[in-house]
Amino acid sequence: MEFSDIRHTLYATFGSIIIMFILTKLMGNKQISQLTLFDYINGITIGSIAAEMAVSDEVQDLWQPAIAMTIYALTGLLFSILTMKSMRCRRFIAGKPLLLIEHGKLYPRNLKTAKLDINDLFIRARSAGYFDITKIDYAIFESNGSISFMPMAKDAPLTPSDLNYDKESDKLNVNLIMDGVIMEDNLKHVGKEEKWLQKKLREQGYSTAEQIFLAVIDKDDNLTLFPQSDVKNEKLYFD
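Residues numbered from 1 in each chain as written. Predicted model: local features only at pLDDT ≥ 70, side-chain atom pairs only at ≥ 80, totals over all residues. Heavy atoms only, no water.

Asks: So, the sheet that holds strand β3 (residues 136-141): which residues are in play, and what are the values?
Replies: Taken in spatial order, the four strands of this open sheet run β2-β1-β3-β4, and their pairing is antiparallel. Pairing within the sheet leaves two strands with one partner each, and these edge strands are β2 (105-106) and β4 (147-151). Where strand β1 (residues 98-102) meets β3, four bridges bridge the pair, whose relative direction is antiparallel. Note that in β3 the partner of Ile-101 across the bridge is Ala-139. Where helix α6 (residues 118-127) meets the sheet, its contacts fall on β1, β2, β3 and β4, and the angle it forms with β4 comes to roughly 65°. (Pairing = 2+ DSSP bridges. Helix = DSSP H or I, 4+ residues; strand = E, 2+ residues; numbered from the N terminus. Contact = heavy atoms within 4.5 Å. Axes fitted to C-alpha atoms, helices over the stretch in contact; angles between N-to-C directions.)

Below is the structure:
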């Protein structure tokens, strides 16, 4: 191998690393558990193209993989923007959560939809510290493939039984507004009307739902609002 070949390989390798780093920063930092299936496949594809770029024979061969990597990255970025801006796109691209268990009732059909069998559920439950499935109040299959568990109220940490008093079963908080959009089905689910919601918004100083990024109601009908904001908090508390 000649020195020019070694130099070309070094340039191509460092070039692919730089391009991959820039594209990664462009697409945003996510943990593996946060990746959608498309994000995961997209990342593998970009890495594969970067590897081909590193071992390319000619200088002119560097442009094609660089362009392909950029297209894949921009496509991933576009999908991320669509999922942030549109709830329909978010549900289509990333999927939506599924109830596997609600108030101790198991939903086999939802397990099938999630491509899980009962043993998968048992394994996930044990990994989360639940060795008795009858003590799980809620199990929710999240869009990223993870499962969130909520224990029965009487078996939660510092249980009411330890304090010798009965406690009502907890209920999940319900999102009434997401990204400025009123969740009409959720509003009906909690027995409220849009007029009630608009009144609550005005009481807290907001005129329209578009001003709200997230609105959450708890079991006691307490409404918590998180307004839209363009403020970027760059304070570092963890360095």
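Asks: Explain the side chain of Lys-192 to me, and be specific about the residues and the numbers.
Replies: Relative to the assigned elements, Lys-192 resides in the loop between α7 (184-189) and α8 (194-203). A distance of 3.0 Å separates a polar atom in the side chain of Lys-192 from a polar atom in the side chain of Asp-221. (Polar contact = N/O pair within 3.5 Å; in protein donor to acceptor, adjacent residues only side chain to side chain.)

Asks: For the sheet that holds strand β8 (residues 223-227), give the residues involved together with the corresponding values.
Replies: The antiparallel open sheet is built from four strands, whose spatial order is β6-β5-β7-β8. A single partner strand is all that each edge strand has here, and the edge strands are β6 (181-182) and β8. Here strand β5 (residues 174-178) runs beside β6; their pairing, made up of two bridges, is antiparallel. Following the sheet pairing, Ile-177 is matched in β6 by Ile-182. α8 rests against β5, β6, β7 (212-217) and β8 of the sheet, and its axis sits at about 75° to β5.

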